[in-house]
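Chains, contacts and geometry: an overview
Listed below are the residues making up each chain.
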Amino acid sequence: MSSVESHQEQLSQSDPSPSSNSSSSFELIDMDVGSLYEPVSSHWFYCKIIDSKELWIPFNSDDSQQLEEAHSSGKDCNERVVPTDGGRYDVHLGERMRYAVYWDEPPSEVRRCTWFYKGDKDNKYVPYSESFSQVLEETYMVAVTLDEWKKKLESPNREIIILHNPKLMVHYQPVAGADEWGSTSTEQGRPRSVKRGVENIPVDIHCGEPLQIDHLVFVVHGIGPACDLRFRSIVQCVNDFRSVSLNLLQTHFKKAQENQQIGRVEFLPVNWHSPLHSTGVDIDLQRITLPSINRLRHFTNDTILDVFFYNSPTYCQTIVDTVASEMNRIYTLFLQRNPDFKGGVSIAGHSLGSLILFDILTNQKDSFGDIDSEKGSFRTVEDQGDVPTLEEELKKLQLSEFFTVFEKEKIDKEALALCTEKDLQEIGIPLGPRKKILNHFRTRKNSMGVNRSATSASEVNIPKENGDYLDVGIGQVSVKYPRLNYKPEIFFAFGSPIGMFLTVRGLRRIDPNYKFPTCKGFFNIYHPFDPVAYRIEPMVVPEVEFEPMLIPHHKGRKRMHLELREGFTRMSMDLKNNLLGSLRMAWKSFTRAPYPALQASETAEETEAEPESSSEKSSEANTEETPVEVKEELPINVGMLNGGQRIDYVLQEKPIESFNEYLFALQSHLCYWESEDTVLLVLKEIYQTQGISLDQPLQ
């Protein structure tokens with residue numbers, strides 16, 4: 001007992017926990033209830049490795065209950081696979097491992113937790129292993145039942161645990177080298193608190209997600225493997241996006257949830273960066289990368305070069321194939337795991353990811369019969385009419401005399417499209433005709449549509465100088481765009497450079513009648529300071545200047561600094577108009593010629609009436625120059641790309657962001673994952689397709 005008393009003295013000196021006197025008082029209190037033992041309640045945790053550190057995260061209450069029921073079900077429990085986290089992860093009970101379902105991720109250890117001790121450097125509690133927790137629980141049960149405390153245990157890691165009483169249980173780390181001479185472990189250093197049951201540790205345990213899935217949204221990332229300033233992956237960022245949506249459903253769709261009209265929206269990430277950089281391109285780049293400023297060059301190779309990869313026909317084909325095949329694969333797997341799913345599908349893309357989705361969508365076909373099953377390529381304009389022969393093409397170029405040469409070599413139009421200048425030289429075509437032929441057939445090849453439809457509604461047009469439209473396809477002409485296995489309801493673009501890329505490709509205007517062949521909606525959402533984002537509506541209606549739609553604040557009002565700014569703007573406009581009116585009146589009275597006395601009264605009446613008219617004019621001027629909201633109420637026809645609705649939607653900047661636009665530029669491009677305003681707009685538009693509107697905004 002002397003050793004235990006010395007441990008207790010050490011504990012009272014090193015830890016502000018209850019002293020020996022207080023521990024004896026605990027003993028007296030608990031002696032009355034010593035025989036009342038209740039089994040500990042368990043909770044399931046999984047382990048995540050973050051920055052080489054283990055972090056134990058609790059499952060939500062519904063998932064933990066499911067796992068506990070499966071664990072207690074009987075002999076075959078070790079073979080059970082329990083879906084958790086809304087079906088995005090599977091837990092294999094026998095292995096005690098958690099596996100991602102829809103994407104690649106290292107598996108996580110799973111543990112049924114009952115006893116915990118405080119960690120090294122933080123206040124987070126770490127669970128003991130299941131076997132040692134059982135030993136602790138048995139020891140605790142004996143101590144409570146017999147009211148015999150000051151129990152001392154040694155863990156498999158040579159750690160010392162002492163149960164002084166139900167309220168005071170401590171844990172000592174083993175001392176390095178203590179057993180070199182065969183001595184036993186002793187407790188030294190500052191003791192750590194030991195807790196029994198998850199209800200006694202500070203940890204947030206969330207409720208489960210609704211089982212019903214109303215809509216599925218695929219989210220495609222932009223350049224690089226990291227998607228925000230914390231260098232997190234697309235999986236982690238989409239997890240944040242999903243969490244924000246679940247919170248907003250509870251606050252802004254409360255009535256629909258209470259009436260069991262809605263469940264939730266599932267957001268699933270689509271990763272194309274890893275497959276692209278696993279093609280061996282990184283090794284090729286490393287050979288030619290300069291050794292100086294190594295970190296910056298590695299960052300450039302890993303991120304910014306993704307833009308150049310997408311402009312390369314070879315790697316562009318890899319990217320679009322990866323994105324489309326991943327979405328098709330995940331969609332098929334999702335339907336297998338959710339056979340009762342009857343909802344729609346939408347897609348969202350961030351930065352370059354939105355451009356990839358835009359190109360894929362513009363190259364879809366509304367019916368399966370439009371696709372050439374053998375070649376897997378889309379019809380061109382020439383498929384819709386009479387195709388000119390090689391002889392006719394040469395006649396147009398006034399080079400008919402060379403047709404016999406091509407005929408002798410058995411070269412048709414398809415073979416000619418594959419010929420190089422050296423090939424034509426070898427068969428005897430002179431330099432001048434050779435250049436004309438190659439230029440003509442390359443131009444013809446480039447003008448063949450990647451996405452041609454019989455209807456003008458699915459074409460994007462560039463106006464010629466004479467006012468006619470030149471029909472062109474959107475996307476890269478040498479890329480065969482794969483087909484999606486579903487028709488997306490809405491396409492959301494976050495911080496998108498689509499407008500810039502289309503302009504650089506030579507598209508000066510989008511035909512107002514143009515719409516995606518298989519997608520009805522398109523929302524271009526951006527932060528006003530996002531340096532990568534561009535508008536779309538000015539390409540549809542270039543002759544009209546108007547502001548984008550302002551996305552409402554999720555609390556149902558404008559941000560304070562924007563209201564103040566608009567108030568000051570209106571005040572300055574009023575002052576300007578009143579000042580101009582006064583100056584106008586003064587100038588008129590100063591320049592007015594002298595009148596006879598008889599006309600003076602009439603003039604006075606006119607001058608009395610003039611201020612009214614000037615005030616009326618100023619009020620009219622006010623109505624003409626009043627804020628953008630008045631203009632926004634007027635219907636603006638922005639074409640059929642979003643079913644006749646507005647396309648460009650701008651977020652409200654935060655007050656701190658308005659102080660320095662450049663300082664928050666990069667952050668603005670990565671702000672969408674945790675933006676309640678963005679998520680609320682997405683939810684509102686998705687549920688509107690089901691006839692469900694959000695509640696009144698919170699004040």
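Residues numbered from 1 in each chain as written. Predicted model: local features only at pLDDT ≥ 70, side-chain atom pairs only at ≥ 80, totals over all residues. Heavy atoms only, no water.

Looking at an unreviewed UniProt entry, one finds the protein chain named Phospholipase DDHD2, with Microtus ochrogaster as its source organism.

1. A closer look at the overall build of the protein chain
Helix and strand counts for the protein chain stand at 23 helices and 21 strands. A total of 699 residues make up the protein chain; the buried ones form 43% of that total. Looking at the protein chain as shown, the accessible area adds up to about 38500 Å², and 53% of this sits on carbon and sulfur atoms. (Helix = DSSP H or I, 4+ residues; strand = E, 2+ residues; numbered from the N terminus. Buried < 20%, exposed > 50% of the residue type's maximum accessible area, 1.4 Å probe, protein only. Areas by Shrake-Rupley, 256 points an atom, 1.4 Å probe, with all protein chains shown as cover.)

2. Structural notes on the sheet that holds strand E9 (residues 151-154)
Here six strands make up an open sheet; going across it, the order is E8-E7-E12-E11-E10-E9 and the pairing antiparallel. Strands with a single pairing partner mark the edges of an open sheet, and in this sheet they are strand E8 (125-127) and E9. With direction set aside, neighbouring strand axes in the sheet form an average angle of 30°. Two strands pair when backbone bridges link them, and strand E7 (residues 115-118) and strand E12 (residues 192-196) are joined in this way by three bridges, in the antiparallel orientation. Its bridge partner being in E12, tryptophan 115 is matched across the sheet by arginine 196. Against the sheet, helix H4 (residues 130-146) touches E7, E9, strand E10 (160-165), strand E11 (168-172) and E12, its axis set at about 170° to E9. (Pairing = 2+ DSSP bridges. Axes fitted to C-alpha atoms, helices over the stretch in contact; angles between N-to-C directions. Contact = heavy atoms within 4.5 Å.)

3. Some points on the sheet that holds strand E1 (residues 43-50)
Here six strands make up an open sheet; going across it, the order is E2-E1-E6-E5-E4-E3 and the pairing antiparallel. Unpaired on one side and paired on the other, strand E2 (53-58) and strand E3 (81-84) mark the two borders of the sheet. Strand-to-strand twist across the sheet, computed as the mean angle between neighbouring axes with direction ignored, equals 35°. Bridge count for strand E5 (residues 97-100) against strand E6 (residues 108-113) is two bridges, and the pairing is antiparallel. The partner of arginine 98 across the bridge, within E6, is serine 108.

4. Observations concerning the pattern of salt bridges
By the definition in use, this model includes 25 salt bridges. Put simply, aspartate 648 and arginine 535 hold a salt bridge, and the shortest N to O gap is 2.9 Å. Taken together, the residues aspartate 648 in strand E21 (residues 648-650) and arginine 535 in the loop between strand E19 (521-526) and helix H18 (537-540) connect sequence positions 113 residues apart. Using a relative accessible area of 0% as the deciding quantity, one classes aspartate 648 as buried. Among the residues examined, arginine 535 registers a relative accessible area of 23% and is labelled partly exposed. Overlapping salt bridges, with partners in common, bring together Arg88, Glu209, Arg242, Arg264 and Glu266 in one network. (Salt bridge = Lys/Arg side-chain N within 4 Å of Asp/Glu carboxyl O.)

5. Focus: the environment of isoleucine 536
The topology assignment puts isoleucine 536 in the loop between E19 and H18. Residue class for isoleucine 536 comes out buried when judged on its relative accessible area of 1%. When the C-alpha atoms of isoleucine 536 and proline 497 are compared, they prove to be 9.4 Å apart, with 39 residues separating the residues in sequence. Setting aside residues up to four positions removed in sequence, isoleucine 536 forms contacts with Ile498, Gly499, Ile510, Phe522, Asn524, Leu641, Ile647 and Asp648.

6. Some details on the side chain of arginine 192
Take arginine 192: it is sitting in strand E12. Given a relative accessible area of 16%, arginine 192 falls into the buried group. Not counting the four nearest positions on each side in its chain, arginine 192 is found in contact with Tyr117, Lys118, Gly119, Asp120, Met169, Val170, His171 and Gln173.

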